[in-house]
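A closer look at the structure
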Amino acid sequence: MGKVRLSQEGVVFALAVALFAVFAVLLNNFLTAGNLIALVRSVSILGILGLGMGLVVIGRGIDLAMIATMVVTLSWVLSMAQAGTPFDTALAYGFLLAVAIGLASGILIAYADIPAIFTTLAMGLVIYGSGRAFLFQIDVQNTPSGVAWFDFLGRGLLFGLPMPIAAFAVLAALIALMLMRTRFGRFVYAAGDNPLAARITGVPLRPLIVLQYVVSSLIAFLAGIVMAAAVSGMSTRVYNSTMIYDVLLVVVLGGISLSGGRGGVRNVLVGTLLVGVLLNGMTILDITYTTQNLIKSLILLLAIMVDSFINPRDEQTSQQSQGDI
Amino acid sequence: MASSDTFAYLRSRYLPDHLIGEILSKRWIDNAIPFSALVITIVVMGSIIPDFLSVSSLSDLARQFAEFGLVVLALTVVMISGGIDLSVASVFSLAVLFSLIGVNVYALPIPVVLAGILVMGIFCGAINGVLVGYLRLRAFLTTLVSLIIFRSIYEIVFVKMSTAMMSGFSMSDLWLFIGEGTILGVPTSLVITLIIALAWHLVLSRMRPGWRLTAVGGARRSAFNAGIDVRFMVFLTYVASSTMCALAGFLFAARLGSTGSDTGVGLEVQALTAAVLGGTAIGGGRGSVAKAIIGSLLVLILTNGLINLGISGPINSTILGAILLTAVFVDMRWQKHRHRILAKVYVSPAYLALPPAPKVDAPGSPYVLNDRLRSVEIIGLGQIEGPEDVILDRDDNLYCGTRHGDIVRFFGPDHQRSEVFAHIGGHPLGMAFDRVGNLLVCIGGMGLFQVAPDRTVTKLTDETNRSWTSIVDDSRLRLADDVDVAPDGRIYFSEATIRYEQEDWATDALESRPSGRMICYDPRTGKTHTEIPKLVFANGVTMCPDGQSFMFAESWTCSISRYWFDGPKKGKTEKVISSLPGYPDNINRSSDGNYWLALLGMRGPALDLAMRMPGFRKRMARRVAPDQWLYPNINTGCVVKFNEKGEILDNLWDLGGRNHPMITSMREHKGWLYLGGVSNNRIGRYKLPDADPNWCAQDAYWGPRA
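Residues numbered from 1 in each chain as written. Chains lettered and ligands numbered in written order. Predicted model: local features only at pLDDT ≥ 70, side-chain atom pairs only at ≥ 80, totals over all residues.

**Let's talk about the nonpolar core**
One finds Ile48(A), Val226(A), Val71(B), Val88(B) and Ala95(B) to be the most contacted residues of the largest nonpolar core, which totals 210 residues. When residues of this core are assigned to their parent elements, the largest contribution, 18 residues, is made by helix H12 (residues 230-256) of chain B. Excluding residues within four positions of it along the chain, Ile48(A) makes contact with Ala167(A), Phe168(A), Leu171(A), Ile219(A), Leu222(A), Ala223(A) and Val226(A). Core analysis: the next-biggest nonpolar cluster, separate from the first, contains 94 residues, Phe433(B), Leu440(B), Leu477(B) and Met551(B) among them. (Core = buried A, V, L, I, M, F, W, Y, C linked by C-beta atoms within 7 Å. Buried ≥ 20, exposed ≤ 12 C-beta atoms within 10 Å, placed from the backbone. Helix = DSSP H or I, 4+ residues; strand = E, 2+ residues; numbered from the N terminus. Contact = placed C-beta atoms within 7 Å.)

If you want it as structure tokens, here you go:
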């Protein structure tokens, strides 16, 4: 009790700053301009994905198929571009594919009542498997040359900021506006807080859920474009990595409760910052990839535990029919 | 008979569509679909893949099943308790890794390695168990993260130890025996798995911990309220799960002797698919060892078959993911709509052509209307609810059952004071006294009970022989409703229906299907058997004076029949009255050697016509709310007296329905007629003008008191 209220984002922000300070003092190469730019650039993709995941988690869902969506849509787009399709047309196809994936997940979750975590886990498998089998053949796709805006997106600067960061910032502003100012955004909070109550008050719950997954799918597609532009290609290795857990880490660490209805874009920003500093520090420390995974997943576990203490599940509104999942 | 009637009759007679509902209401239907899928898969794969059923491929399959089945069983146990455990895959691979390190690198004795592996499994499970059970974290997400954590440990250790592991080699006979040996021709690992499966089957289906586990999954809060330590049970399931996965990994290590960077990758999705395909419910409360075995065989045969057919990895995982989604989808729909589907399909009306009803208002009709029951004396008004049957003993005490499960005794001769004579629990229906004065009671939903004069309650029987052709379990007594005793002590009682419980009697009326019966309990042998099967709502039985036959009523056919259980006409049934104006209920003897019969309600032309239109009634049952259905008119009833030839001798009505709108039973005693009704709150007493004022049913049947 008392006047000082510890909000999770405050704690996380302080933690990020502290970690930043520790790394800055202890690591030689940490506090250089080049490293900082690299740091922010590397986490901008994670941040973009975190915005999509955050939106779905606020609506009491989860989207584990984001990475699969990102990899498959972009690999397909790039392979079409390689095969001679105009890049814009290929992008349009990719866009449609992303919408279709979001619709499929959303309909299964909203109308068929399959738990979101189940649906998106299986959807990830289905999307990647069929994409790998039918849409593109090689593991690494390169970006086509000569598309000016695409090159600019990857390497250009906007007001001195690298474009990926600018894209992240713009998207964050857009999502924040959407969540705070639009009817859709407010409904997402309502549905996440108490789906049944939202439904009774007239919120079109099922279409709303579908729309959330379509949006998160499109954000995954967007993240894919930025990623492909930044690293000049797309590799299926990304799918096999544990990136989806990094995205979850961003969201949960940032303080968006898995119980739904709480959190916002600010939480994603803070979470991204902390995870970015952490990843960058660990890379400079030369910790192996697998050990990094171990550390990250332990932190994620810790974050989930803390989340369950701060935002305990409401027995009244947690879905009883689906058990303890 | 019009041709449409003939068609309706033939259809209802020969098309057993009531069986669909009965099959769907069976518990094993959950297993039937996965099992048929398994059979189809085996047949299809066997026909398109050469050598699919050869000995070598079968023994290979058996060993794979031993490991995979164990993992699926582990997941099933967790899922039954309402959780989920995705970390099965990495616990499995960790076990493979540490087994090989123990055996190949450090050359430890095999039992020590096994013990170590099991301890590791317990430890991993305890982590999950504490997180999910005690800290109440979300099972799916938590075990997803522990999946990654254990996997990271695997990868870190694997890189360091892989060379040492590959170069080492164990010469242990025990290790070889576990990996490649057989017991009586069955692979060792399969024997181990089958023993564990059997143990789990016993625990889950026969033992207290298993039932508690299912209770936790089925209704967590109710389980908690019932005093089950929910958190500890959940904790235990994760420990059990990880331990079994560790054992599976140990078996795998013994069989292959090596491990790769992809060992156990994606196993969690495979196991999940297997569990869900087998019919284990997501969210808990439903699952069994049989389901786990069916599901794991299905997935194993499917994936092996796809690999054999040369289908590439990505398509394979797509197919698996799609199957998982479909299975979960079907499972969710089935769980949600099962009761609704069942309710729509179960009601299956039959064709029943009733003879025209005798006119009750025509002059000269034996049923001519009167109001003689209006002036009855009322006994126990408001003190009792639902006296379906009434009976009097030699001391003029009056007994009746109540809806609350009591048998109430009103003290004679004025019946002003009452007491609860016995409490049995179910609604007592028909009653009778045996030779020594024990009260025999039929109790809806429970069976046949005996209350001795000293009030001790004994269950005589609650089951009869199971007939082979019946799909619903007809060995259970669902609605025993009237009873009488033959002079030799054999007890005959009627059961109205085997398809519905007591409160759904109106649905049985809508069906009018021959699903009732007469049952005989012989106290000398203690055995019960079905004497006459396939009666339409058998309801009411009384012995004839010859001691070789009894009269029984079938309500929905509006008829009375006589059946000989002894003597020269043994086994014969004859119709005594084939067309009553209403629906007959209990029958009892009268002082002048004839029979009293209660009509619980009257027929109406609309329902009589509907009886010849099964399709119409089926549509009505599906589309109209039950309180809007056509019902037998139970607002008016009467008592009639008939003789052995089926002639109606007398009748008593309460046309205005003031005192006895519905009558289900009547007893004559010392010049009075006592009336009971299943929905009444009173007992009526009517002075019979010209009856023997000293006649007591017990004395007349059993002889004077010994």
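**Some words on the pairing of strand S25 (residues 672-676) of chain B**
All names here are of chain B. Burial analysis of S25 places 4 of its 5 residues in the buried class, which makes it a mostly covered element. Two strands pair when backbone bridges link them, and strand S24 (residues 665-669) and S25 are joined in this way by 5 bridges, in the antiparallel orientation. Bridge pairing in S25 links His669 to Trp672. In sequence, S24 turns back onto S25 through a hairpin of 2 residues, with Lys670 there showing a positive phi of about 50°. (Pairing = 2+ DSSP bridges.)

**Observations concerning unusual backbone geometry**
Along the chain, Gly412(B) connects to Pro413(B) via a cis peptide bond; the corresponding omega equals 0°. Relative to the assigned elements, Pro413(B) resides in the loop between strand S6 (406-410) and strand S7 (418-423). For Asp286(A), which is not glycine, the phi dihedral falls at a positive 65°. Secondary-structure assignment places Asp286(A) in the loop between helix H13 (265-284) and helix H14 (289-310). The exposure class assigned to Asp286(A) is exposed, which follows from the 6 C-beta atoms found within 10 Å. If you check the backbone angles, Leu184(B) has positive phi at about 55° while not being a glycine. Within the secondary structure layout, Leu184(B) lies in the loop between strand S1 (182-183) and strand S2 (186-187).

**Considering the interface of chain B and chain A**
Contact with chain B, which involves 37 residues of that partner, is made by 35 residues of chain A. Elements that contribute at least two residues to the side of chain B that touches chain A include exactly helix H7 (139-167) and helix H15 (313-346) of chain B.

**Some words on the packing of helix H6 (residues 148-155) of chain A against helix H10 (residues 205-231) of chain A**
All names here are of chain A. Relative to each other, H6 and H10 sit at 85°, their axes nearing to 7 Å. The angle between H6 and H10 places the two elements in the roughly perpendicular class. Between H6 and H10, the contacting residues are Phe150, Leu153 and Gly154 on the first element and Val226, Ala229 and Ala230 on the second. Residue classes in the contact of H6 with H10 are distributed as 5 nonpolar, 1 polar and no charged. (Axes fitted to C-alpha atoms, helices over the stretch in contact; angles between N-to-C directions. Parallel < 35°, antiparallel > 145°, perpendicular 65-115°, else oblique. Nonpolar A, V, L, I, M, F, W, Y, C, P; charged D, E, K, R; others polar.)

**Notes on the packing of helix H9 (residues 188-206) of chain B against helix H10 (residues 208-218) of chain B**
Residues and elements named next belong to chain B. Viewed as axis vectors pointing N to C, H9 and H10 meet at an angle of 65°, and their least axial separation amounts to 5 Å. Judged by the inter-axis angle, H9 sits roughly perpendicular to H10. Here H9 and H10 pass one another in a crossing that is right-handed. The segment H9 lies against H10, with Val203, Leu204 and Ser205 engaging Pro209, Gly210 and Thr214. (Left-handed = near helix turned anticlockwise from the far one by under 90°.)

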